[in-house]
Structure formats: structure tokens, C-alpha cells
Amino acid sequence: MSTKRILSGVQPSGLLHIGNYFGMIKRMIHFQESSDLFCFIANYHSLTSLSNKEELEKNTFTSFCDILALGLDPSKSTVWVQSHVSEVTELAWILSNFTSVGMMERSTSYKDKINKGLKPNMGLFSYPILMASDILLFHSDIVPVGKDQKQHLEMTRDIAIKFNNAFGDVLTVPEIDIDENTDIVTGIDDQKMSKSYNNTIPIFGDEKYIKDQVMNIITDSAGLNEPKDINTPLFKIYSLFLDQNKVEELKERYNTPGLKYMDVKNELFNCIMEYFSDQRARRDEYFNNPDSVYDLMKLGQEKAKSVAAQTIEDVKKSIGML
Ligand code: ADP
Ligand code: TRP
């Protein structure tokens, strides 16, 4: 059996958080030993929500350091910045001709973003086509994502099938990989954790900010001597870091009168800092050696481009571009 190609991306629209980690990055790292792994920083996608030059530059660099520090290894995998492989926009244009306006109009993420105040421009509207291009350009077999991306993946499959029906088996139709246990990591306010909702617990950066976010996790108003509700963000977030036995222990403590939320929050904070301590140290090293990071970006660009160039050539030939 040939090695599967696994691909995913993350937008550099803010600080990477534990929702990104448990929803997608942790599984990517797990796949790294046994697969042909492709991971990129989706900075073209971030243009839909960011229009500040300095911020986009800084976030792109930082997010690249973050995914390296979390364990994506450029010597084993292909790790790059989306805009460094511009073939992706060329393929997106071609694919847009196989994408119905109706399908784009049904995009729940487009509607959500408009409701949250993002400008309804064409970049935002055709966001899923660029995402399909990311995936199809590299003949991805499997795409690990959080549940919020499910519809985008279904659209990608739809576009690839339509294209292949017209021109033969040129594109690989990808499988979606969503982990049932961490498909939607909850934020400190019990909504989905997301950079755009200001409800994240970041992995890197200022320790005090991380502590403040943990202390701000909402809890119920049960009194000290009442049993506590486990269907609340503090319990759900802490459980991400615990094995099954420890989750059962925590449940027991929630059922026992006398539990103080402040104690649980302090434990969770210490647990997070311990869990990510090696990664935080590695992240500082990358951050303080920007030249080595730029070299790794270049390496990723070369590796990704060699695959992309071949796909673009095959696609163009298949549709009649001389
Ligand atoms: P954000 O919503 O914070 O901007 P991204 O859109 O960049 O995050 O997501 C990068 C990856 O992390 C995607 O695969 C996405 O599905 C996953 N992800 C983001 N937030 C969560 C979450 N709260 N729970 C599970 N997965 C998530
Ligand atoms: N849209 C994804 C998100 O917001 C990021 C992304 C862009 C992506 N292109 C991708 C994820 C291709 C997987 C595959 O999370």
C-alpha cells in the first residue's frame, strides 16, 4: 500500500490555541511518522479577515514558528507558507469554473462570517474554492480538520468529482478526517474556541495572558457544597489534557461537595504550562533565530512547489491549455 498524503492548513489570523492543537495539529503530528505530511500557513485565506500589513506579516511568521515548535518537522514533512506557492491561485481560478454559485451561497461559514461583521467581498465568498485548490493541488488523500471545516471539505470533494467527470481522473478526491472526541473544542465562554471570538487559550506567548484566560473560563453558579455540572467549559477543557482515569477522578471531584473552581483553574493552568513546556521553549528558539526560520520556509516552498507545478501542468493539459 502506498503512503498516504495528509494535508491541512491553519490561518495566521491570531495566536494558535488549544482548539487548533487538539482539533487538528496534534493529529497531524501523529500522522507524521507514517505518512507524507503537508502542512501550510494559509495567509491568502487570512486576507479575508486581516487587512493590516504588519499584522499579517507578524502572524504569518509567528504561526510558522508555532507549528514547527509543536512538532511539524520540515526534514520529514512539507511545511510552507501558502502564498509562497502561487500555483494555488491559478488552480483556484480553474476550479471556480466547476463550482456553482448556489453551492457557495449555501456556505454556512460565509453566512456566519457575514453575521459577525466581516465584509462580504469576493475573497470571502470564494474562500472554499481556494481551500479546495490547497487540497487538490497536492493530491491529498486525507485532510484532518475540526468539524467547522466539514462543509468546506464536502465542497472540495464535489468540485474534484465534477472536474474528474469532465476531464478524467486528474484530481485526487480527498477523505475528511475529523476526530469525534475533539471535533469542537470549547472556548472559555462555552462557544467554539476560535481566534475570531476572543475566547481562546493560546499555546504560546505571554504566560500572564494564558493565566487570565484560564481564570476567565466561565463556570456555573453552584455553591461550594453543591455537586458541580461537568457539562461546562472548565471540565471540558481540562479533560483534553487528561487520560480516561484522570477524567473519571475529576468527575468524582465535581460530584463531591467542597470543590473550589479556583483550585481547578490553578491546576488546569499548571497542567497547560507543563504540557506545552518543551514546545514553548522550542518556539522561543525559532522566534529568536528568524534567519533559520526563513531558510525552513524556503525549503518548504521548494518541496511544495515541485508537487504543485506538476499538478498544474497536468490540469492545464487536461482542460486544453496549450
Ligand atoms: P480559528 O477558528 O481559531 O481561526 P482556524 O480556522 O485557523 O482557527 O483553524 C485551524 C484548524 O484548527 C482547522 O482544522 C480547524 O477546524 C481547527 N479548529 C479551530 N478551532 C477549533 C476548535 N475550537 N475545535 C476543534 N478544531 C478547531
Ligand atoms: N479554512 C481552514 C480554517 O480556517 C484553513 C485552511 C485553508 C485549510 N486551506 C485548507 C484546512 C486546506 C485544511 C485544508 O481552519
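Above this text is the structure in question.
Everything quoted here is computed from the prediction, not taken from an experiment.

Caption draft 1: How the structure looks around the side chain of Thr-200. With respect to the helices and strands, Thr-200 occurs in the loop between strand E5 (175-177) and helix H10 (207-215). For Thr-200, a relative accessible area of 7% translates into the label buried. Among all residues touching Thr-200, those that are not within four sequence positions of it are His-17, Met-193, Ser-194, Lys-195 and Gln-213.

Caption draft 2: The arrangement of the site of ligand 2 in detail. Looking at ligand 2, there are 14 residues lining it, with Gln-11, Tyr-127, Met-131, Asp-134 and Gln-149 nearest. Within the side chain of Gln-11, an N or O atom sits 3.0 Å from an oxygen atom of ligand 2. Summarising the interface, the protein chains cover 90% of the accessible area of ligand 2, which totals 370 Å² for the free molecule. For the shell around ligand 2, the secondary structure elements donating two or more residues are strand E1 (5-10) and helix H8 (127-137). Per-element accounting of the shell around ligand 2 gives the leading share, 4 residues, to H8. Residues of the shell around ligand 2, tallied by class, amount to 8 nonpolar, 5 polar and 1 charged.

Caption draft 3: Looking closely at the nonpolar core. One finds Ile-18, Phe-64, Ile-67, Leu-70, Ile-201, Phe-241 and Leu-268 to be the most contacted residues of the largest nonpolar core, which totals 55 residues. Here this core gets 8 residues from one element, more than from any other, and that element is helix H1 (residues 18-31). In this structure, this core is formed jointly by two domains, domain 1 (5-184 + 290-319) and domain 2 (205-275), each of which donates at least three residues. Excluding anything up to four places from it in sequence, Leu-268 contacts Val-214, Ile-217, Leu-234, Ile-237, Tyr-238 and Phe-241. Within the second largest apolar cluster, 40 residues are counted, among which are Val-85, Ile-94, Met-104 and Tyr-127.

Caption draft 4: View of the pattern of salt bridges. What the rule picks out here adds up to 17 salt bridges. Residue Arg-27 pairs with Asp-177 through a salt bridge whose shortest N-O separation is 2.4 Å. Taken together, the residues span a long stretch of sequence, with Arg-27 in helix H1 and Asp-177 in strand E5 at a distance of 150 residues. Overall, Arg-27 belongs to the buried group, its relative accessible area being 12%. Here Asp-212 makes a salt bridge to Lys-208, at a shortest N to O gap of 2.9 Å. Taken together, the residues Asp-212 and Lys-208, both in helix H10 and 4 residues apart, mark about one turn of the helix. Residue Asp-212 is classed as partly exposed on the basis of its relative accessible area of 30%.

Thresholds, definitions, all that
Residues numbered from 1 in each chain as written. Chains lettered and ligands numbered in written order. Predicted model: local features only at pLDDT ≥ 70, side-chain atom pairs only at ≥ 80, totals over all residues. Heavy atoms only, no water. Helix = DSSP H or I, 4+ residues; strand = E, 2+ residues; numbered from the N terminus. Buried < 20%, exposed > 50% of the residue type's maximum accessible area, 1.4 Å probe, protein only. Contact = heavy atoms within 4.5 Å. Near = heavy atom within 4 Å. Polar contact = N/O pair within 3.5 Å; in protein donor to acceptor, adjacent residues only side chain to side chain. Areas by Shrake-Rupley, 256 points an atom, 1.4 Å probe, with all protein chains shown as cover. Nonpolar A, V, L, I, M, F, W, Y, C, P; charged D, E, K, R; others polar. Core = buried A, V, L, I, M, F, W, Y, C linked by side-chain atoms within 4.5 Å. Domains from an automatic or database assignment. Salt bridge = Lys/Arg side-chain N within 4 Å of Asp/Glu carboxyl O.

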